[in-house]
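The residues making up each chain are set out below.
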Amino acid sequence: MLEKEFEIRWHGRGGQGAVTSANMLAEAAYHAGFRGVMSAPTFGAERRGAPITASTRIAPRPLRCLSQVEYPDMIVVLDDSLLTTANATNGLAPDGFVVVNSSSEPEELGLGNGYRIAVADANHIAKEVGLIISGTLMINTAMLGAVARASGLIKLEHIEKALNSIFSPRAASKNFEAARLTYEQTRCLSPADMPV
Amino acid sequence: MAVNSSAVAVITGNKAAAEAARLAKVEVIAAYPITPQSGVVEALANYVETGMLDAEFVTVESEHSAMGVCIGAAVAGVRVFTASSANGLAYMSEQLSWVSGSRLPIVMGCANRAMSAPWNVLNDQQDAMSQRDHGWIQLYCRDNQEILDTFLQAFRIAELLSLPVMVCYDGFILSHTVMPVEIPGQEQVDTFLPKLVARTIVDNDDPRNINPVTLANPRQNGNGVLCHGYMEFRYLMQQALEESLDTIETVDKEFEACFGRSTGGLTWSYQLEDAEVALVAAGSLANEASVAADTLREAGVKAGVLGIRSYRPFPDVKVAQELSGVRQAVVFDKSLTYGYGGPIYVDVQAALFRNRVLPEVHGYIAGLGGRDVNARQLVDAVMESIAWNSSENKPKPVGWLNLQI
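Rules behind the numbers
- Residues numbered from 1 in each chain as written.
- Chains lettered and ligands numbered in written order.
- Predicted model: local features only at pLDDT ≥ 70, side-chain atom pairs only at ≥ 80, totals over all residues.
- Heavy atoms only, no water.
- Contact = heavy atoms within 4.5 Å.
- Buried area = accessible area lost by both parts, 1.4 Å probe.
- Salt bridge = Lys/Arg side-chain N within 4 Å of Asp/Glu carboxyl O.
- Polar contact = N/O pair within 3.5 Å; in protein donor to acceptor, adjacent residues only side chain to side chain.
- Helix = DSSP H or I, 4+ residues; strand = E, 2+ residues; numbered from the N terminus.
- Nonpolar A, V, L, I, M, F, W, Y, C, P; charged D, E, K, R; others polar.
- Buried < 20%, exposed > 50% of the residue type's maximum accessible area, 1.4 Å probe, protein only.
- Core = buried A, V, L, I, M, F, W, Y, C linked by side-chain atoms within 4.5 Å.

S.K.: Explain the interface of chain A and chain B to me, please; I cannot follow it from the model alone.
M.R.: Interfaces are often described in size by the accessible area the parts lose on coming together. Opposite the 19 residues of chain A that make contact, chain B presents 23 residues. Both sides of the chain A and chain B interface together cover about 1,700 Å² of buried area, and 62% of this is carbon and sulfur. Ranking the residues of chain A by area buried against chain B places F43, R64 and L66 of chain A at the top, with a combined share of 40%. Counting every contact that joins chain A to chain B gives two salt bridges. For R64 of chain A, the salt bridge goes to D294 of chain B, with nearest N and O atoms at 2.8 Å. Summed over the shared surface of chain A and chain B, the result is nine residue pairs in polar contact (both at pLDDT 80 or more). Looking at the side of chain A that touches chain B, the elements that each hand over two or more residues are α1 (18–31) and β2 (36–41) of chain A. Its residues placed into classes, the side of chain A that touches chain B shows ten nonpolar, five polar and four charged.

Structure (structure tokens):
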């Protein structure tokens, strides 16, 4: 079990659901037994398509820290174009986790300087499951599966519970299917380093 | 959502506020959306629409009208709710004074936001602080649990004293951040907060003027009864505000007996018993200060926190008692009383002087217009103050945290 606080920063584009996923991760972590969970969008205006961030904090005991996350332990990148354009790795610990939605192999992302990299092709999975709203692939919930796989902090059952508290049963099961498939298909660059 | 048993939900501060209004069974809601308060209005509109809350949701064209609707409904004797922020609260300002002067037990939320200009939608506490002298009780919340709990307490306090209460919570930092909140069951809330016993003069069989022009001196009414002048009304209002110091504490004790949680009433403290330095603040900043106190203690500085919950009435005696053992109080304000430092700093100094408790008191301005404040900066400020005391023998000017000029 986690000793100290674990901080996750989400990078997405307005409309991709980064804030929603960040919040669901906090709830899933609560279901996993963490009593200190918190999640917030980066404060300010949001525009569809523009880079945005959100943060989730997870700790064993209730949190009192409300300032913005500066030095995340993990970044979750919903769109691999943000790796370079949004300076996604800013402040990330040298051995931090990078969880990316990409069709590339982990080695191909040009990140390999100590980061623990996990890659999932959430676009492909969302298409397969049929998570498409107004022509847009919804990959945010799929990426919860990648976070679970890479961090080991939450299990699929906790994600399922969090999805059920937000979505209708039908939508929840579709989103859970995406999270489950993503969990299974996430490729970790250095699996030996991953906590169980 | 649990009806008769409590359950924990991971929700935003706005949602916690809406949940409190739902559990308080408010009957009339009138509000105009404004960032960062909008979430509370959206949630309540949804509750009314889906039948989760049996209330009249009155859509209005402005905050001034929102409070006008609340005044009308409260005069008629029902429990009402509204919320606003910054510019919206300022637009409502005239009505705030009508509410308190009419002694209406209205509870409103203020998701604290900076005042224009320049344009800014982010957090500080200038909006509520600028409205402090209208005769409303003002309570500040440190986290989302406290938002829900404080609203429930606020209805009780308001209705016991016939005074309005503004529940203040930091915009974005709490309004938009999810965290675990224990949501009590309805039966439990009904026990703590009984149905409003209307104290109304609205009666078809006995028509009267409401809030007639009231001149300076007491005058006889049509029946020859001597009635108060304006000054007597205001004296009684001030008496009620002073009495609320006890009521706020009592209601918190009742709340604790019912729910097993306490907000602290007028103030809360962290590691203050043996502290030599106290960090003083209101709202989420005080919570962040408790993290700074941990760091300071690790560095050998005996630090503690005094969280101000009730800003009006200002609990001067309790503040002086809580700070009676410290050598240094460092006060952090998220607003200004322009030309004279931060309002909490000014009031803390007056409270200490009046009660003959005289630690060194320094003030810092922090987090204006959403500038992030972290524990590290609070630690630095405390260290700066400690260093000042050993090197300077003159008053320290008010400091500004993380000013980039």
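S.K.: Before we go on, may I ask you to explain unusual backbone geometry in this structure?
M.R.: Excluding glycine, a negative phi dihedral is what most residues carry, and trans is how most peptide bonds are arranged. All names here are of chain B. Backbone torsion omega between S116 and A117 reads -5 degrees, so that peptide bond is classified as cis. Structurally, the position occupied by A117 is in the loop between β5 (107–112) and α6 (126–129). Cis geometry marks the peptide bond from R312 to P313, where omega comes out at 0 degrees. If you trace the backbone, P313 turns up in the loop between β14 (310–312) and α11 (316–322). Not every positive phi belongs to a glycine, and A86 is a case in point at roughly 35 degrees. The residue A86 is located in helix α4 (residues 86–91) in this model. On the basis of relative accessibility, which here comes to 0%, the residue A86 falls in the buried class. Even without glycine at this site, F172 takes up a positive phi of about 65 degrees. Topologically, F172 is positioned in the loop between β7 (165–170) and β8 (179–183).

S.K.: Mind showing me how you'd approach the nonpolar core here?
M.R.: One broad trend across soluble globular proteins is that nonpolar side chains are buried collectively. In this structure, V40, L44, F81, I137, F151, V165 and Y169 of chain B are the most contacted members of the largest nonpolar core, which totals 58 residues. Every residue in contact with L44 of chain B, bar those within four places of it in the chain, is listed here: A18, A21, I29, L53, F57 and F81 of chain B. By size, the runner-up hydrophobic cluster in this structure holds 52 residues, among which are A22, A54, A146 and L163 of chain A.

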